[in-house]
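Commentary on secondary and tertiary structure
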Amino acid sequence: METAKILSITGIAVMVIAILYGFIAGDFSAWLTSLQMRPWTQVLMVDVYVGFFLFSGWIYFREASKGQAVVWIVLLLLLGNLVSCIYVWRSFTTCNGDWRRFWMGSHADGQER
């Protein structure tokens, strides 16, 4: 489980660096105007949204508070995989080494908290 925690922290660091690089070196508005819906752009968008919906489903399932789950999902939609890395790290730190609790959250004991 320690390896997984390290990987999620590494993901957080990589995403923060990539986002900062994009804001510093890139021109977001110019990129948006040049974006064309080519076949591989469409494939990438489908891939991103399938991952978003799958990860959102896991968050919604494992959170006892559906309101808190919705906040996480909105943050995921706005900030992407930076939030997924933070959520995974948080899940690892709160499960106390119990993989069942990591995956199932509030459902790990057979009942919601």
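Right, let's walk through the structure included here. (Residues numbered from 1 in each chain as written. Predicted model: local features only at pLDDT ≥ 70, side-chain atom pairs only at ≥ 80, totals over all residues. Heavy atoms only, no water.)

**Structural notes on the environment of Cys95**
Along the chain, Cys95 turns up in the loop between helix H5 (81-94) and helix H6 (99-104). You can call Cys95 buried: its relative accessible area is 2%. Measuring from C-alpha to C-alpha, the distance between Cys95 and Asp27 comes to 40 Å, with 68 residues separating the pair along the chain. Residues in contact with Cys95, not counting those within four places in the same chain, are Met1, Arg101 and Phe102. (Helix = DSSP H or I, 4+ residues; strand = E, 2+ residues; numbered from the N terminus. Buried < 20%, exposed > 50% of the residue type's maximum accessible area, 1.4 Å probe, protein only. Contact = heavy atoms within 4.5 Å.)

**Re the pattern of salt bridges**
The final tally for this structure, using the stated rule, is three salt bridges. A salt bridge links Glu63 to Arg90, with the shortest nitrogen-to-oxygen separation between them at 3.1 Å. Linking Glu63 in the loop between helix H3 (39-62) and helix H4 (66-79) with Arg90 in helix H5, this pair joins segments that are 27 residues apart in sequence. One network of salt bridges, in which partners are shared, links Arg62, Glu63 and Arg90. (Salt bridge = Lys/Arg side-chain N within 4 Å of Asp/Glu carboxyl O.)

**Here's the deal with the packing of helix H1 (residues 2-25) against H5**
Where H1 meets H5, the closest approach of the two axes is 8 Å, and the angle between their N-to-C directions is 155°. Overall, the two elements H1 and H5 adopt an arrangement that is roughly antiparallel. Note that H1 runs across H5; the crossing there is left-handed. Where H1 abuts H5, its residues Ala4, Lys5, Ser8, Ile9, Gly11, Ile12, Met15, Val16 and Ile19 lie against Asn81, Leu82, Cys85, Ile86, Val88, Trp89, Phe92 and Thr93. Split by residue class, the contact of H1 with H5 holds 12 nonpolar, four polar and one charged. (Axes fitted to C-alpha atoms, helices over the stretch in contact; angles between N-to-C directions. Parallel < 35°, antiparallel > 145°, perpendicular 65-115°, else oblique. Left-handed = near helix turned anticlockwise from the far one by under 90°. Nonpolar A, V, L, I, M, F, W, Y, C, P; charged D, E, K, R; others polar.)

**Some details on the packing of aromatic side chains**
For any pair of aromatic rings, geometry is given as the distance between the ring centres together with the angle between the planes. Applying the stated criterion across every chain yields a total of 12 aromatic pairs. Between Phe92 and Phe102, the ring centres sit 4.1 Å apart and the planes meet at 10°, which makes this aromatic pair stacked. One end of the pair, Phe92, is in helix H5; the other, Phe102, is in helix H6, with 10 residues separating them in the sequence. Judged by its relative accessible area of 3%, Phe102 falls in the buried class. Clustering of aromatic rings is evident, with ring pairs tying together Phe55, Trp58, Trp72, Tyr87, Phe92, Trp99, Phe102 and Trp103. Residue placement shows Lys66 over the ring face of Tyr60; its charged tip is 4.6 Å from the ring centre. (Phe/Tyr/Trp six-rings, centres within 6.5 Å; stacked < 30°, edge-to-face > 60°. Lys NZ or Arg CZ within 6 Å of the ring centre and 35° of its normal.)

**Some thoughts on a nonpolar patch on the surface**
There is a patch of nonpolar side chains on the surface, built from Tyr60, Val70, Val71, Val74, Leu75, Leu78 and Leu79 and spanning about 620 Å² of accessible area. In terms of residue count, H4 provides more of the nonpolar patch than any other element does, six residues in total. Structurally, Val71 is set in helix H4. Taking the relative accessible area as the measure of exposure, Val71 reaches 48% and is therefore partly exposed. (Patch = residues over 30% accessible without salt bridge, like charges linked within 9 Å, V, L, I, M, F, W, Y side chains within 5 Å. Areas by Shrake-Rupley, 256 points an atom, 1.4 Å probe, with all protein chains shown as cover.)

So yeah, pure geometry; function would need other evidence.
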